[in-house]
Amino acid sequence: MKILFSFLIALISISKLSAQQLPEIISNAFGIGEELNYKVKYGFITCGSAVLKVTDTNKKFGNKSALQLTANGRTAGSFDVFYKVRNRYDSYISQATLKPYLFTENIKENNYRRNAYVNFDREKNSVSTNKGVYDVPQNTLDIISAFYFARCIDFKDFRQGKKFDLSYYMEDKVHSMTVEYIGKEKIKTDAGTFEALKFSPSLVEGRVFKEDSKMFLWVSNDLNRIPLRVQVEILVGSIVIELTDYKGLTNQSTALLR
């Protein structure tokens, strides 16, 4: 699913790996039954799609129930000839803290295959994976739970320039992302026109990004905090990930203008 998440999070800036205090969460931004659908565009060409779902699960973790977060990404049929992607990520999180118990990934990208898991031990601040057991900073999330956790952050006192950080574990490493609040904007998508909060995550220069590349993320300015659009500049052109449809929202969509 790198066509979606390598631009959303996986290549966001890496900083010092230390224990951190997570931002306060007060919003029930999502719940069982929510489904968000996205298209991925390179320029004017739709090259892929992604679906994010929240479901119930029979899995128990220390006799505690969990929510299952699932992200599926795939290339469009016309792009399968060049580079076929069928990726799936699952995160099983605490309903109370939104922190993950278990993260799994099933990656199919052309001939490349990767099946991995990460079990989180909150008492020992460690993770057990396919490759071993590793210490991690306190409050470390995974790539999917970080995405949903950020939706529940209390933004009511945010001012332009306010920043927050989240640590997540992916592909055998701990990463930390810093996100800056830019302000409010109206944004038009296939799912409608919304009042949105705009953020800018920092990026790392490399094979994908230029030195001055920018990434912007818009989320609905209501209790749902629906991710509406991601836009990121790459070495040649830009990638846009945009909401096309949604259902099963926990709260009334008060940010929808038309």
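Residues numbered from 1 in each chain as written. Predicted model: local features only at pLDDT ≥ 70, side-chain atom pairs only at ≥ 80, totals over all residues. Heavy atoms only, no water.

Asker: Any chance you could explain the side chain of K39 here in plain terms?
Answerer: Examined against the element boundaries, K39 turns out to sit in strand β1 (residues 35-42). With relative accessibility at 17%, the residue K39 sits in the buried group. Polar contacts involving the side chain of K39 include one to the side chain of D190, which spans 2.8 Å. In contact with K39, other than residues within four places in its own chain, are T46, G48, S49, D190, V240, I241, E242 and T244. (Helix = DSSP H or I, 4+ residues; strand = E, 2+ residues; numbered from the N terminus. Buried < 20%, exposed > 50% of the residue type's maximum accessible area, 1.4 Å probe, protein only. Polar contact = N/O pair within 3.5 Å; in protein donor to acceptor, adjacent residues only side chain to side chain. Contact = heavy atoms within 4.5 Å.)

Asker: Which parts of the structure should I look at to understand the environment of E123?
Answerer: Note on placement: E123 falls in the loop between β6 (112-121) and β7 (126-129). Look at E123 and you get exposed, because its relative accessible area is 81%. Separated by 15 residues in sequence, E123 and Q138 have C-alpha atoms that sit 9.2 Å apart.

Asker: Can you help me understand unusual backbone geometry in this one?
Answerer: Among all residues save glycine, negative phi is the norm, and among peptide bonds the norm is trans. Phi at N110 is positive, roughly 55°, even though this residue is not glycine. Along the chain, N110 falls in the loop between β5 (100-109) and β6. Residues other than glycine seldom take positive phi values, yet R225 does so here, at roughly 50°. Structurally, R225 is set in the loop between β13 (215-220) and β14 (227-233).

Asker: I keep staring at the nonpolar core and nothing clicks. Help me out?
Answerer: Grouped together as the largest cluster of nonpolar side chains are 60 residues, with contacts concentrated most on F30, Y38, I144, Y148, F199 and L228. Here the element with the most residues in this core is helix α2 (residues 143-151); it accounts for 7 residues. Leave out the neighbours within four places in its chain, and Y148 touches F30, E34, L52, K53, V54 and L69. (Core = buried A, V, L, I, M, F, W, Y, C linked by side-chain atoms within 4.5 Å.)

Asker: For this particular structure, what's the right way to read the pairing of strand β12 (residues 192-201)?
Answerer: Where a strand is regular, its side chains alternate between the two sheet faces. The buried fraction of β12 amounts to 9 of the 10 residues, a majority that puts the element mostly inside the structure. The pairing of strand β11 (residues 173-189) with β12 spans 10 bridges and is classified as antiparallel. In the sheet register, K188 faces β12, and the bridge partner there is T193. Connecting the antiparallel pair β11 and β12 is a turn made up of 2 residues. Sheet topology note: the β12/β13 ladder contains 4 bridges and is antiparallel. Looking across to β13, one finds that K198 is bridged to W218. (Pairing = 2+ DSSP bridges.)

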